[in-house]
Amino acid sequence: MLFMCHQMAMEHESKQKEQTASAPQTPTLENSMRDANVPIIWVLGGPGCGKGTQCEKIVAKYNFSHFSTGDLLREEVASGSDKGKELQAMMKQGILVPNEAVLKLLEAAMAKALSSTVGYLIDGYPREPAQGPEFEKFIAPVDIILYFECSNETLVARILKRAAESATVRADDNEETLKTRIATFRENTEKILVQYPTQLRRINAERAPAEIFADVEKYIDELLATKGKKA
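Residues numbered from 1 in each chain as written. Predicted model: local features only at pLDDT ≥ 70, side-chain atom pairs only at ≥ 80, totals over all residues. Heavy atoms only, no water.

## Looking at the packing of aromatic side chains
Here is step 1 of the chain: Going through the model one piece at a time under the given rule, you end up with 6 aromatic pairs.
Here is step 2 of the chain: With a centroid separation of 5.4 Å and an interplanar angle of 85°, the aromatic rings of W42 and F135 are classed as edge-to-face. Note that W42 is positioned in strand β1 (residues 40–45) and F135 in helix α7 (residues 131–138), a separation of 93 residues in sequence.
Here is step 3 of the chain: F135 gets classed as buried once you look at its relative accessible area, which sits at 0%.
Here is step 4 of the chain: For the pair Y62 and F64, a centre-to-centre distance of 6.1 Å together with 70° between the ring planes defines the contact as edge-to-face.
Here is step 5 of the chain: Classification of F64 by relative accessible area gives buried; the value is 3%.
Here is step 6 of the chain: Grouping aromatic residues by their ring pairs yields a cluster made of W42, Y125, F135 and Y196. (Phe/Tyr/Trp six-rings, centres within 6.5 Å; stacked < 30°, edge-to-face > 60°. Helix = DSSP H or I, 4+ residues; strand = E, 2+ residues; numbered from the N terminus. Buried < 20%, exposed > 50% of the residue type's maximum accessible area, 1.4 Å probe, protein only.)

## Observations concerning the pairing of strand β3 (residues 120–123)
Here is step 1 of the chain: Neither face of β3 is open: one carries Y120 and I122, the other L121 and D123, and all of them are buried.
Here is step 2 of the chain: Here β1 runs beside β3; their pairing, made up of 4 bridges, is parallel. Counterpart to I41 in the pairing with β3 is L121.
Here is step 3 of the chain: Pairing analysis gives 4 bridges linking strand β2 (residues 65–68) to β3, with the strands arranged parallel. Residue pairing across strands places F67 opposite I122, the latter belonging to β3. (Pairing = 2+ DSSP bridges.)

## Thoughts on the nonpolar core
Here is step 1 of the chain: The biggest cluster of nonpolar side chains holds 33 residues, and the ones touching the most others in it are I40, F67, M110, Y120, I122 and F135.
Here is step 2 of the chain: Per-element tally for this core: the top contributor is helix α6 (residues 99–113), with 8 residues.
Here is step 3 of the chain: Every residue in contact with M110, bar those within four places of it in the chain, is listed here: M33, I40, F67, Y120, I122, F135 and I139.
Here is step 4 of the chain: Core analysis: the second largest hydrophobic core is formed by 26 residues, V43, Y62, I212 and Y219 among them. (Core = buried A, V, L, I, M, F, W, Y, C linked by side-chain atoms within 4.5 Å. Contact = heavy atoms within 4.5 Å.)

## Side note on the side chain of K51
Here is step 1 of the chain: Tracing the chain through its elements places K51 in helix α3 (residues 51–62).
Here is step 2 of the chain: On the accessibility criterion, K51 (18% relative accessible area) is buried.
Here is step 3 of the chain: In this view, K51 contacts V43, L44, G45, D123, G124 and F148; residues no more than four positions away in its chain are not counted.

Printed below as a string of structure tokens:
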């Protein structure tokens, strides 16, 4: 009798495991992002390349969601949340915010827009070679990278002009500091771009905004076509 009870209990446990295995699993945020077929574009370019202007044009024409990691960090701090206070403390101490924290903010923002967006513009990310693979591992693969290319001279001239016309001048908007910023940007960015030869779209950003956007439109239209979406 004891053996029969034990056997019945074992059979019941086995059936429960089979039912659990066959039951549909609740989709994770990562899986829903990967399965959504929503285009993901990284937008890269040196300070003063004009990518902000191009992102505005993309949002207006294509209804993409535009996310800047810097903006997301500032918004979280301004919200007064516990996470925001933690991030603010790090920034005040000059500590770099861990990439994991940045990705969580980015992932949450993307998930919130998932049901209504046509695509995602991730502005100024990744900044370092290791960040791209981490993004693709924890969120989803990137479809294309729009890289706005400008000479160092053009970047410096544009930023100095912008600083001269602005009511508030950034402390690092001087020629020597700018050259250092640009050199650091180039060193990191080339290491990033070499990882994505098939996704990379280099765009000459020395031209007028309308001319630049004509190239942007071509690349986005091609991407949407491969995704089965209309512009």
